[in-house]
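Chain and residue survey
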Amino acid sequence: MYSSWAVLIFLLLMAVCWRHIWRGKLENGVLITTQPIQTSISGQAIDRTESSSFLPPPYWPKFGGDRHVELLDGIWRSAAIPNGNDLDSFDSMSPGFDPSTISFDGMASIPSCIDRSPPGYMEDRGVFFFQRRFRFDLTAAGARVQFQACSFYCRVWVNGVEIGDHLAGGYVAFFLDIPAQPTVDNEIIVLVDNRFNTTTAPMHTGGDFFHYGGMMRSVELHALPPSKATSDDVEKDMLWPWRLYVIPESLESIQVTLYLTSAQYTGPVDSTIKISFDDGPYSEYPAGEFEAVDGVANLGVLTVPNPRVWSTTDPQLHTIAVEMDGAILIERFGLRIFDIDNDSLRFRLNGEIVKLVGWGHHTQWPDTAGSPTQEQLEDDVLLLLAGGANFVRGAHYPQDPRWLDLLDENGLVMWCETLGPGVSLDDTQDPYFLRYQAQQMGEMLDNAMNHASIAFWAYFNEGPSRWPLACDAYRMNTDIIKARDNSRLVSFASCHAPPIDVCYPFVDVVAINGYPGWYDAPSARDYWGNFASFYRNIGKPFLISETGAGAIYEWRNNETAVPWTCPYQTQVLIQDVEESISNPNISGVALWHFFDFKTTDEWENNTHCDFLPSVYPPTCGYIEVNLTTKFQKPGGQNCKGVVDFWRRTKPSFKEVALRFSNVTNHLLVPQLPSSSVAPPPYWPKFGGDRHVEVLDGIWRSATIPNGDDLASFDSMSPDFDPSTVLFDENVSIPSCVDRSPPGYMRDRGVFFFQRRFHFDLTESGARVQFQACSFYCRVWVNGIEIGDHLAGGYVAFFLDIPAQPTVDNEIIVLVDNRFNKTTAPVHTGGDFFHYGGIMRSVELHALPPSKATSDDVEKDMLWPWRLYVIPESLESIQVTLYLTSAHFTGPVDSTIKISFDDGPYTEHPAGEFGAVDGVANLGVLKVPNPRVWSTTDPQLHTIAIEMDGAILIERFGLRTFDIDNDSLRFRLNGEIVKLVGWGHHTQWPDTAGSPTQEQLEDDVLLLLAGGANFVRGAHYPQDPRWLDLLDENGLVMWCETLGPDVSIADTQDSYFLRYQAQQMREMLDNAMNHASIAFWGYFNEGPSQSSLACDAYRMNTDIIKARDNSRLVSYASDQLPPKDKCFQNSVDIVAVNGYPSWYIDANPISYWNRVANFYHSVGKAFLISESGAGGIYEWDKNQTSGRWTCSYQTQVLSEDVEVALSNPNISGVALWHFFDFKVNDAFENNTHCDFVEPSVYPPKCAYINATSRRPGGKNHKGVVDFWRRKKPSFEEVSKRFSNVSTTGVDLVEPEVSRA
């Protein structure tokens, strides 16, 4: 079923390697769009990076109160070195360089790597620039910007002023302070130099792996404290917590050290310090109790209430929160002890000897390079656990905080080291090198100290430890570590056999990289036995930090190159593993490496293999191997992985896993994760007591219980007992159960998912919200069914968990992705693939506890659930409050505080507003300093509401949508605007209906490059992250319910109509505040030709208009006038799907002129909601099937666009479709094309059956293909879209009677 094996092996046939590579043109490794990103209605380049998403970091630590932290991730502008500068002579550190000379003519998604390329291909190294705008008030205190990784060399300007640079290694987090200045709208520019250079990049000393460059990890913006007046009226800085570092003293207590935001402060900490464990009550420490020196205060040893121990088998975690002057910082830690047993000289965890078994692990993926998605990280954890690992050696640099979070949560012991393979003896004598090595070490400790999984700090992989002269540099590193952290072990991975290594006295554990059977002597037993005995005899614990052998994934047998075959690798690894497990003098082993990976520059220059046709992920048909040496890198890869670069398992994986699992028991029962306590990464936001966390991550999975026949299994049976389900696999959530390449069909069926979460349900229970659970979803918490959902798999819904005396809880979700009129009534079909699974995020919401009223009667507190905003004008909004209790009717007896844009709160006294069924009308409010949202300047506002300590923050835009009475044209903010764009499904080849944030951002980049100002969301409610991006980038949106292929019978069916009405309300509930949405729609290509259906159409419109009269209502009809019977009383604007010159033998210009002029004559505004033609990406010309060629598609689309732009009776056009996509089940059964052209990917068809209505299992009407490669039609359409006028004046006179 949907297991770790199926997900990571079979489903990775999706060619994960192709994800995100083809996004436009790569120039010098930077994503550059093929034209300046323009608004589709102006022709003027506009900046799409101004609106901050206000997303907090998705990793630890967390922040609250006034300690505001937001990500600057997303779409940045990009450029290369200025024209006229020669790269070889360009000095990135020149004090005379002026960043204002840069012309930012491209865009890039951050985080990402500028030099990502497949194995065996080399991108240029050079100098790159990135720019974005952000809105943040710097007047009182400035701010702090933290880069989680900026590689190699990084230099930063804010508002034209340089704030600093970074030379201490491209994989370590660092921060720079922005000085206070009277600005709110700001610009940041970052220079990135990824060239090897001992001046700009002294830490990048080489090593056998590819050093990626770019802003590879997240960028954070941190508020800093404003000044405050002391008792003697002297102004001084407030002292906020920057970090709180935790060192376990025992399994019950911790040593706590506070680092302040001001590193210069020395003196008494003159603020009250409040400390809380695990969301418990705060303990207060009065001002002045603690002293700080250089911004550091020792808070002493604290006892942890109800301590839970972290281990590899039960990785329990705690949190500690500190509050100072309204700023809250929350750190996560684990109670565990790492040390060495005095008698056996073995590694111990919590006083017990543990054999460490696992792998080295780089941060590399074929498609995302050194900037992995969360799903990729989780999938690697699944594979490690399936491989029986309890140990990971982080290679060869400081690690991504998301990766460390996952290791903490899954009980995987971690080795963390600084960047520095290839360090030479000369480096260890160089003060310049040592300065930045010391800085890198300090920054690694600063950013990773609290991770429970880290047992080893390390440095200088395979360094010059054979030379006594080098040992002072080794001692320096150890001293830096021990001065900060004496609770962990220090080591370095040496490649020098004893007694050659002379610097080992400075470590706690000796670690050796050796390759018996590969580079070194043939016998693993003798080789490792001798090493272990030697170090045992001199009193040093011993660990194998690297060992292994290469194997080319495709070579199960090769008589001419036996050492590169999988059987030979398996033989070597079995010997390594058996010796490391059986030898009592060996504390553990980290095999090298977990997966095949991209190597040094010298092996990346056109050394790729030749790939077989029709097979993906890429499979080598021929690869060059030099039989005289094993130090080569065939195909540009280090092939020592037990899985290949695309995470396909080699035979060695299973053999190693069987042996490791005897030590760890991870193979059959992988560890359940603790909750990551991350807030949702999309709007709305929450604060104070309004605690919300996502339950995304690793869940357990299973199929229907053994013995049940799928055909007869009733997912709604009241007798079904979920405790009968055996959860024997792991899966990453969100994801789709049925993702598969175009032309391949996965089974539909019933799936189960389970996870545990830590949350106190005693007082008030909680609420769980699914952003999408498809098709049918049924949920149990702690064995009690809390509800199910039948109103469509693409719409968000919530269920309440009743109060119960539990803290450690279990949630089980049943998902049924079968078409069924009972369980999935609104999944009526349509020409697209309906994905199933927990496809979008799962949220856990705290609910309010009870409180005592004045007469001592207990009643529920009323917290805000949602705050809905409808613009009344371009300065004011109608505000409606939905409470957490939908049953409450009466006066709202809580003070309501409202704030706009982080400004001061306005208080409304208790009782001022009344609620009916949980809904209170707060009236019309004026927005201070109003800024208007438009396609050319998408300004956004926030509104915050606080009730009884619970804070909800919504985002909205001030704009008006309507129809001009005279021209019957669409208007935005009173101006006629021609809408031009595309229909857009939520589909990707690899992630299916559960896209990564980067994939969403890349599609926005492509839409903007195509000149779009309009997106028709097809054919279901949309992902909130997608809607956020459209809001931020000024793209007008059409949002509709699921329901293509609704029949006349459906419109007469009360069961169907019940759930259609529910779906419509849920769509409105979850998307109402998105500024970009101009149209609500329903019933795509429904039965509007029958007057019998019109009552159902009217029902939908009435539901919409009762909630929102500020937007336009429509449906996309495939009925030409006068056949459509329902438009007159149901819609504000008529929308028609038509395909002249494709399905219909008619000229597009005469066809659309006739339709538009008819509706204008009957007083209705008109929009083209679909039109287009198929074009197979590989077929520019084809004599036997000319209609499927790209040239024919371009001709048809050019005419569609010409008439849409020229006819004044057409308000706009949404071409169908933006990209090629996977279609309905009927065309997905072994209809894929045959791929060809070795060394080319994404896949390229050599043969495709064009007699099918959906060749290759795809709808080919995209202007880009499924992998987002542009067809010729893209350029032709984008030229026309980008020339549309902001005034709505049409380009040419319409040809009314063209044949």
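Let us look at the structure shown here. Just so it is clear, the model here is predicted, and its values are computed rather than measured.

**Regarding the overall build of the protein**
- Tallying secondary structure elements over the protein gives 17 helices and 78 strands in all.
- Taken over 1299 residues, the protein has a buried fraction of 66%.
- A sequence separation of at least 24 residues applies to 76% of the contacts in the protein between residues at least 6 apart.

**Some words on the side chain of Ser652**
- Residue position: Ser652 is located in helix H9 (residues 651-664).
- Looking at Ser652, its side chain comes within polar contact range of the side chain of Gln569, at 2.9 Å.
- Filtering out sequence-adjacent residues up to four positions away, Ser652 remains in contact with Gln569, Thr570, Leu573 and Val642.

**What about the environment of Glu875?**
- You can see Glu875 is positioned in the loop between strand E54 (864-871) and strand E55 (876-883).
- Counting along the chain gives 57 residues from Glu875 to Val932, while the straight-line C-alpha distance between them is 8.3 Å.

**So, the sheet that holds strand E43 (residues 697-703)**
- Strand order in this open sheet of six strands is E44-E43-E45-E50-E47-E48, and the pairing throughout is antiparallel. Each edge of the sheet is formed by a strand with only one pairing partner; in this case those strands are strand E44 (729-733) and strand E48 (784-789). Adjacent strand axes in the sheet meet at a mean angle of 30° when their direction is disregarded.
- Sheet topology places E43 next to strand E45 (residues 750-758); four bridges connect them, and they run antiparallel. Directly across from Thr703, in E45, lies its bridge partner Phe751.
- Taken strand by strand, helix H2 (residues 374-386) contacts E43 and E44, and its axis lies near 170° from that of E44.

**Details of helix H3 (residues 401-410)**
- In terms of residue burial, H3 counts as a mostly covered element, since ten of its ten residues are buried.
- Of the residues making up H3, those classed as buried are Pro401, Arg402, Trp403, Leu404, Asp405, Leu406, Leu407, Asp408, Glu409 and Asn410.
- Where H3 starts, the residue carrying a side-chain oxygen 2.9 Å from the main-chain nitrogen of Arg402 turns out to be Asp400.
- Where H3 terminates, the next one or two residues include Gly411, which has phi positive at roughly 70°.

**Re helix H17 (residues 1272-1281)**
- Listed in full, the buried residues belonging to H17 are Ser1273, Phe1274, Val1277, Ser1278 and Phe1281. Viewed along the axis of H17, the buried residues span an arc of 125°, placing them on a single side of the element.
- Structurally, H17 contributes buried residues whose contacts are with strand E66 (979-984), helix H10 (997-1009), helix H16 (1190-1206) and strand E74 (1212-1215).

**Some thoughts on unusual backbone geometry**
- In this structure, the amide linkage connecting Ile733 to the following residue, Pro734, adopts the cis form with an omega of 5°.
- Within the fold, Pro734 resides in the loop between E44 and E45.
- The phi torsion at Glu462 lies on the positive side, around 50°, for a residue other than glycine.
- Its location among the elements puts Glu462 in the loop between strand E31 (454-458) and helix H6 (471-484).
- Exposure remark for Glu462: the relative accessible area of 33% places this residue in the partly exposed category.

**Concerning the packing of H10 against helix H11 (residues 1024-1033)**
- Viewed as axis vectors pointing N to C, H10 and H11 meet at an angle of 35°, and their least axial separation amounts to 10 Å. Our pair here, H10 against H11, has a crossing hand that is right-handed. Note on element contacts: H11 touches H10 through Arg1025, Trp1026, Leu1029, Leu1030 and Asn1033, opposite Gln997, Leu1000, Glu1001, Asp1003, Val1004, Leu1007 and Leu1008.
- A per-class count over the contact of H10 with H11 returns seven nonpolar, two polar and three charged.

**Details of the nonpolar core**
- Counting 120 residues, the largest nonpolar core has Phe752, Trp982, Trp1080, Trp1152 and Phe1166 as its most contacted members.
- Looking at this core element by element, the count peaks at eight residues for helix H13 (residues 1054-1071).
- Ignoring any residue separated from it by four or fewer positions in sequence, one finds Trp1080 in contact with Cys1039, Met1067, Leu1068, Ala1071, Met1072, Ile1104, Asp1108, Arg1111, Leu1112, Val1113 and Ser1114.
- Residues Leu167, Ala473, Trp564 and Trp646 belong to the second largest nonpolar core, which totals 115 residues.

**What to know about the environment of Gly918**
- For Gly918, the position within the fold is in the loop between strand E59 (914-916) and strand E60 (919-926).
- With a relative accessible area of 2%, Gly918 lands in the buried category.
- Each C-alpha atom, one on Gly918 and one on Tyr882, is 5.8 Å from the other, the two residues being 36 residues apart in sequence.
- When neighbours within four sequence positions are excluded, Gly918 is seen to be in contact with Leu881, Tyr882, Leu883, Ser885, Ala886 and Phe888.

**Some points on the state of the cysteines**
- The full count for this structure, using the stated rule, is six disulfides.
- With a sulfur-sulfur separation of 2.1 Å, Cys471 is cross-linked through a disulfide to Cys503. The sign of the -90° torsion about the S-S bond sets the Cys471-Cys503 disulfide as left-handed. Remark: Cys503 occurs in the loop between strand E33 (493-494) and strand E34 (510-513) and Cys471 occurs in helix H6; sequence separation between them is 32 residues.
- What pairs with Cys773 in a disulfide is Cys777, and their sulfur atoms sit 2.4 Å apart. Residues Cys773 and Cys777 are joined through a disulfide that is right-handed, its torsion about the S-S bond being 80°.

Procedures and definitions
- Residues numbered from 1 in each chain as written.
- Predicted model: local features only at pLDDT ≥ 70, side-chain atom pairs only at ≥ 80, totals over all residues.
- Heavy atoms only, no water.
- Helix = DSSP H or I, 4+ residues; strand = E, 2+ residues; numbered from the N terminus.
- Buried < 20%, exposed > 50% of the residue type's maximum accessible area, 1.4 Å probe, protein only.
- Contact = heavy atoms within 4.5 Å.
- Polar contact = N/O pair within 3.5 Å; in protein donor to acceptor, adjacent residues only side chain to side chain.
- Pairing = 2+ DSSP bridges.
- Axes fitted to C-alpha atoms, helices over the stretch in contact; angles between N-to-C directions.
- Arc of directions from axis to C-beta.
- Left-handed = near helix turned anticlockwise from the far one by under 90°.
- Nonpolar A, V, L, I, M, F, W, Y, C, P; charged D, E, K, R; others polar.
- Core = buried A, V, L, I, M, F, W, Y, C linked by side-chain atoms within 4.5 Å.
- Disulfide = S-S within 2.5 Å.

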